[in-house]
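So the chains spell out like this:
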Amino acid sequence: MKLRIATYNIHKGVSSLRSMPRVHALKQALASMEADILFLQEVQGRHDKFATRHASLWPEQEQHQFLAGDSHQAVYGMNAVYDHGHHGNALLSRYPILSSTNQDVSDHAYEARGILRCVVDTPQTQLHCYVIHLGLFAGSRKRQTEALIEAVAKSSPSDAPLIIAGDFNDWTNQLSATLRNRLGVTEVFDDNLPTRGFGAYLRTLSGRGPKMKPARTFPAALPWLRLDRIYVRGLHIETAEVLHGALWAKLSDHAPIVASLELK
């Protein structure tokens, strides 16, 4: 069975500059990905000020429901709550979502973070999915990663196929080795590593193996920082790519990652 998935920090459905609504264009862009499952961060569940100020551009539905349309089911995990609204993570799935839970992993009062866990019923198996948006501080990310590892261990059988995707804010790439070692996952760009060349040869001789680096996804206009990731287990990675260019730069400050997978 083949799966096409995507992860995307949608910046609450507004442009990076001037905070103009881009929700309708965003819906079209998501549809163009033709993804079976989408892992979304910074999804605006409610924003009374935008709804009033931009009534003709702001959907009456909550963003996750509007973006899902008729083709996908949607689940929303509310994390940050304020007087005029709230936002969080969401999972959109072409297949039935059997269950979902949202775990608060906020590390301090200024950053509300959560782990949205869903079980998706694909034609061949139940797929365990985790939508992540980690904090801006290294200590917070480390503690939130420990919470993620514990959540996966408690909620997913060790042989169950799973996907962990989202905005890890891990620009120094400190967390990947921990996730690989503790959960047995692979990042979707690991398979794009060069296997030839003198550098690869020296790393093989030293026993250090290849130097694994996630893709650059931020800022969307000229991606430089490696913030967004997709980790998988029990799935073969066929392709992985970052979508960037003028269109994506107008929609969010992050560029999305799209990957094609096949169940092992």
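Read on for a plain summary of the structure. (Residues numbered from 1 in each chain as written. Predicted model: local features only at pLDDT ≥ 70, side-chain atom pairs only at ≥ 80, totals over all residues. Heavy atoms only, no water.)

## A word on the overall build of the chain
Applied cut-off: The way it works is that DSSP assigns letters per residue, a run of H or I at least four long becomes a helix, a run of E at least two long becomes a strand, and they are numbered from the N terminus. Here the globule rule reads 2.2 Å times residues to the power 0.38, and the radius of gyration is calculated from C-alpha atoms. The cut-offs for exposure are 20% and 50% of the maximum accessible area for each residue type, with area from a 1.4 Å probe on protein chains only; residues under the lower value are buried, those over the upper are exposed, and the others partly exposed. Accessibility throughout is a Shrake-Rupley quantity obtained with a 1.4 Å probe, and a residue counts as covered only by protein chains that appear here. In summary, the charge assignment counts Lys and Arg as positive and Asp and Glu as negative, without counting His or the chain termini. Where a charge lies is defined by one atom per residue type: Lys uses NZ, Arg uses CZ, Asp uses CG and Glu uses CD.
Along the backbone of the chain there are seven helices and twelve strands. Computed over the C-alpha atoms, the radius of gyration of the chain is 18 Å, within 12% of the 18 Å expected from 2.2 N^0.38 for a compact globule of 264 residues. Referenced to the eigenvectors of the C-alpha coordinate spread, the extents of the chain come out at roughly 65 × 40 × 35 Å. Taking all 264 residues of the chain together, the buried fraction comes to 53%. When the accessible area of the chain is evaluated, it comes to approximately 12600 Å², of which 52% is carbon and sulfur surface. A gap of 7 Å separates the mean positions of the 29 positive and 25 negative side-chain charges of the chain.

## A word on the nonpolar core
Nonpolar side chains in soluble globular proteins tend to be buried together. We count it as follows: As used in this record, nonpolar core signifies buried Ala, Val, Leu, Ile, Met, Phe, Trp, Tyr and Cys residues forming a set joined through side-chain atoms within 4.5 Å. Here, residues are in contact when the closest pair of their heavy atoms is within 4.5 Å.
Grouped together as the largest cluster of nonpolar side chains are 32 residues, with contacts concentrated most on Leu-91, Ile-163, Val-188 and Leu-261. Broken down by secondary-structure element, the contributors of at least two residues to this core are strand S1 (2–9), strand S2 (37–47), strand S6 (114–121), strand S7 (126–133), strand S8 (162–167), strand S10 (228–233), strand S11 (235–242) and strand S12 (257–263). For Val-188, the contacting residues outside a window of four places in its chain are Ile-230, Val-232, Ile-237, Ala-240, Ile-257, Ala-259 and Leu-261. Listed in part, the 26 residues of the second largest apolar core include Ala-6, Ala-29, Phe-50 and Ala-74.

## Thoughts on the pairing of S8
For clarity, the cut-off: Think of it this way: DSSP has to see at least two bridges between two strands before they count as a pair. Viewed with both strands pointing away, a crossover whose connecting path from the first strand over the helix to the second turns clockwise is right-handed.
Burial analysis of S8 places six of its six residues in the buried class, the great majority of the element. Pairing geometry for S7 and S8, over six bridges, is parallel. Along S8, the bridge assignment pairs Val-131 with Ala-165. The parallel pair S7 and S8 is bridged by helix H4 (residues 138–155), and the resulting crossover is right-handed. In terms of strand pairing, S8 meets S10 through six bridges, oriented antiparallel. Residue pairing in the sheet places Leu-162 in a bridge with Arg-233 of S10.

## Section: the sheet that holds S1
Our working definition: Orientation is described by lines fitted to C-alpha atoms, with helices fitted over the stretch in contact, and by angles between N-to-C directions that extend from 0 to 180 degrees.
What the six strands build is an open sheet, ordered S3-S4-S2-S1-S12-S11; its pairing is mixed. Only two strands of the sheet have a single neighbouring strand rather than two, namely strand S3 (73–82) and S11. Averaged over all pairs of adjacent strands, the angle between their axes in this sheet comes to 25°, without regard to strand direction. Relative to S12, S11 runs antiparallel, the two sharing seven bridges. Within the sheet, the bridge partner assigned to Glu-241 lies in S12 and is Val-258. Against the sheet, helix H1 (residues 23–33) touches S1, S2 and S12, its axis set at about 150° to S1.

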